[in-house]
Amino acid sequence: MTPSINFQPIADSYYVVAGVLLLLLLLWRLAPISGELPPPRRRILFTVRALIFLVLGFILLRPTLVFFSRLKQAGTVVLLIDQSRSMAVPDEIRGVSRFEALRETLRKNQSALAKLAKDVDLKVYVFDSQLHALPVKDGQIELPSEPTGDQTAIGAAMEDILRETSGERLLAVILLSDGAQRALYPRDLPPQPVAQRMRSLDQPLFAVRFGKSRTAGESRDLALEDLIVPDRVFVKNELKVTSHLHATGYTNQKVRVELLFETKPNQLEVVSSQEITVETADERVPVRFSYIPEVTGERKVSVVVEPIPGEALATNNEQNGLVRVIAGGVRVLYLEGAFRVEQRFLRRSLDAATDMHVDYVRIDPNRPESRPADLEKRLGPGSYDVFILGDIDSSMFRREELKRLAQTVADGAGLLMIGGLQSFGAGGYAETPLADVLPIQMDRFERQPLGEPIRPDLHYPGPLRMVPTSIGLAHFAMALAPSPQENRRIWESLPPLDGANRWSGLKPGAIILAEDNQGHPLLVVQFYGVGRVAAFAGDSTWRWCLHGYENAHKKFWRQLVLWLAKKEESQQNPVWVKLGQRRVPMGEKLQFELGAEDPMGEPIPGVTWKVTVVTPSKNKIPVTVQARQQNWVGEFQQTLEAGDYQIEVEAFQGSHLIGRETARFLVMKRDLEMDQPAADIALLTALAKTSGGECVTAEDFPRIIKEIEKRTQSLEVPVATRRSLWDSWPTLLLFAFLNTLEWYLRKRWGLV
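Quantities reported herein were computed from a predicted structural model and do not represent experimental measurements.

Caption draft 1: Focus on the overall build of the protein. The helix and strand tally for the protein stands at 16 helices and 40 strands. For the protein, whose C-alpha radius of gyration is 45 Å, the value lies well above the compact-globule estimate of 27 Å for 752 residues. Seen along its three principal axes, the alpha-carbon backbone of the protein occupies a region of about 155 × 75 × 60 Å. Here the protein holds 752 residues, and the buried ones make up 50% of them. In the protein, of all internal contacts separated by at least 6 residues, the share reaching a separation of at least 24 is 75%. Total accessible area on the protein is roughly 36700 Å²; 53% of this is exposed by carbon and sulfur atoms. Within the protein, the 92 negative side-chain charges are centred at a point lying 9 Å from the centre of the 90 positive side-chain charges.

Here it is in structure tokens:
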């Protein structure tokens, strides 16, 4: 470019320059050249002064000579190559694997990459769960022989690239991948936010896609999608296990599915099997098993489908779970007819006890099909320890069923009926075999027909405070605190009930454990045969939980059921541990809760914990827990090994050991790369678009290189070279010479 001259006057003002020059002219005017000098000498002296004036003006204007040139800055282009195992899937043209197609793409474009490397700093990385740099020379890249990575951490790799090139001018990132993000913590960073940041930095991502969204291997597959198994079951009771088989590409073929149970520690045995016929090309079939465990403890359960020749993936042919088989305990059948709040809170309180198992059945009067076909069998001896009848009309039962229930209670089971619109006499039980079993008197005139307006003469309106009698305060079921005084105080502080059933009388052998504040009986018990029976007129103890008395609610209902089951001497382990889940996907964290309670269910103060997780390889990893309200919580993150884990918990009060507890959980075997090896073209397209780049096929890779070459033009920036003229030594010498010459001439000619 043509050089130019720029002026920067002193004080950035031409007026200042003009003022200084005018002042100089004024001074010269006051000291004029003498008229006695001959004209030649006058002209010489005038010329010298004029030159001084011009040089001074030149200096005051401060002229600078500017030369322009173009300088090319350094730029970086990153090639990011996927080396995870899903790149080995052979779904490219002619059955070539994705990685071989990628390798061929780089080979064909070697010269173009070499040319690009002359203009920019070309950096090459391969990635799986981590980022690895590769050398590049003359466009040739030494790729690994096979893709072996077990994860595809696209987001983390992009983040690593931005960190590696921090401080450099990153022109573009070229991602060669199948686009399926499959990563575990802590490398499971989502790539979308990174792509957004790249756009704000003008660092576009160009994606070159490989693979198909649905692979040939996926077209023929047998996969067990889930495993539904109860958390606990009583020994020698029926254990029901359900899974779902997703069969693709096996029309009209039979497959064998097996149930395995841990009959001995670490020893799985096939306990049941069945053959399933797959009828369509893509079918989801429920698989149900039933088994009666004969041993107690935490036991492993597995459902396995036998692989069929030609099945590409076998890692999804198995599902594992855990069940706690409880010795003894209390088995409860809870029957309800109305859908009400009380049942939800009651069940939750009973389920909180590890030695209780509640089967809840709602028989809807408007849906006859909701009635269990085996109800009479369930009401027979040996099935359950305690039966709870909620707001359910007697017409929902056959007479033979209630007769069987009465005999079961007489033989030693417990029975509890809870207040409701269709409970007791209002529900028609005065004319059923339960009339002799219940501790209250009923008659047929108390009937409350279904669907008709409520009879107020059968109910006490609330609020009603539940007050223990003197007998009740000493009864096991009513003991909410160790001391009578504290027990009475807690009962007095409980919120009142919304109302209660009105009974016409009590049986001679009935014992009143609680009344309302007006002396009406609320909780009455009696013995029937060798069994125990209780009648509770209320149905709104759920309000206790809403007002902060959840522990009192749990104690009352648990102790009442234990008394009915004749197991009031039963004591739970003071230490307990609850797992957020029994089956944890590999790489995900497990959350758990701990607690230590005294015999009355109150949290033990001042507890310290020693928590250890034993991995499948028998490594012991300590885990810290934190206090949360009345309990403690912890989490375990190191689930990178598939198999059986065990949490071992010890609770101490000072140096005294309070108790121990263990709990098992399974980390499910998962092949991140091959369980679902389909390419995710949609993700690549979205990332490229978000960052300001483009997603292309391998055939368009040369065009992407040319696009990036165009971006290298932005690396050339104009550079200005400045050379100031006014402060150079020739200018200063000229100015000094002219002033000296003027003084010398004036002195020589006698003017000074």
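Caption draft 2: Structural context of the packing of aromatic side chains. Going through the model one piece at a time under the given rule, you end up with 16 aromatic pairs. A centroid spacing of 4.9 Å and a plane angle of 50 degrees characterise the contact between Phe 261 and Tyr 291, whose relative ring orientation is tilted. Linking Phe 261 in strand 13 (residues 253-264) with Tyr 291 in strand 15 (residues 282-291), this pair joins segments that are 30 residues apart in sequence. Classification of Phe 261 as buried rests on a relative accessible area of 1%. Both rings, one in Trp 544 and one in Phe 556, keep their centres 5.8 Å apart while their planes meet at 65 degrees; by these two values the pair is edge-to-face. Taken together, the residues Trp 544 in helix 12 (residues 542-546) and Phe 556 in helix 13 (residues 550-564) connect sequence positions 12 residues apart. Its relative accessible area of 0% is what places Trp 544 among the buried residues. Within the aromatic cluster, the residues linked to one another by ring pairs are Trp 491, Phe 536, Trp 544, Phe 556 and Trp 557. Taking NZ or CZ as reference, Lys 578 lies 4.8 Å from the ring centre of Trp 576, over its face.

Caption draft 3: Highlighting the packing of helix 5 (residues 154-164) against helix 6 (residues 191-200). Relative orientation of the contacting elements helix 5 and helix 6 amounts to 30 degrees, with a least axis distance of 8 Å. In terms of their interaxial angle, helix 5 and helix 6 are classed as roughly parallel. By crossing handedness, the relation of helix 5 to helix 6 is classed as left-handed. Between helix 5 and helix 6, the contacting residues are Ile 154, Gly 155, Met 158, Glu 159 and Leu 162 on the first element and Pro 191, Val 194, Ala 195, Arg 197 and Met 198 on the second. Across the contact of helix 5 with helix 6, the residue classes tally to seven nonpolar, one polar and two charged.

Caption draft 4: Layout of the sheet that holds strand 8 (residues 170-177). Spatial strand order, 5-4-3-8-9-39: six strands in an open sheet with mixed pairing. The sheet terminates laterally at strand 5 (131-134) and strand 39 (694-696), the two strands that pair on one side only. Sheet twist, expressed as the average angle between the axes of neighbouring strands with direction ignored, equals 20 degrees. Where strand 3 (residues 76-82) meets strand 4 (residues 121-127), seven bridges bridge the pair, whose relative direction is parallel. Counterpart to Ile 81 in the pairing with strand 4 is Val 126. Against the sheet, helix 14 (residues 681-691) engages strand 8, strand 9 (205-209) and strand 39, with an angle of about 160 degrees to strand 9. In the packing of helix 15 (residues 701-711) onto the sheet, contacts are made with strand 3, strand 8, strand 9 and strand 39, and the angle to strand 8 comes to roughly 170 degrees.

The rules behind each value
Residues numbered from 1 in each chain as written. Predicted model: local features only at pLDDT ≥ 70, side-chain atom pairs only at ≥ 80, totals over all residues. Heavy atoms only, no water. Helix = DSSP H or I, 4+ residues; strand = E, 2+ residues; numbered from the N terminus. Rg over C-alpha atoms; globule rule 2.2 N^0.38 Å. Buried < 20%, exposed > 50% of the residue type's maximum accessible area, 1.4 Å probe, protein only. Contact = heavy atoms within 4.5 Å. Areas by Shrake-Rupley, 256 points an atom, 1.4 Å probe, with all protein chains shown as cover. Lys, Arg positive; Asp, Glu negative; His and termini not counted. Charge placed at Lys NZ, Arg CZ, Asp CG, Glu CD. Phe/Tyr/Trp six-rings, centres within 6.5 Å; stacked < 30°, edge-to-face > 60°. Lys NZ or Arg CZ within 6 Å of the ring centre and 35° of its normal. Axes fitted to C-alpha atoms, helices over the stretch in contact; angles between N-to-C directions. Parallel < 35°, antiparallel > 145°, perpendicular 65-115°, else oblique. Left-handed = near helix turned anticlockwise from the far one by under 90°. Nonpolar A, V, L, I, M, F, W, Y, C, P; charged D, E, K, R; others polar. Pairing = 2+ DSSP bridges.

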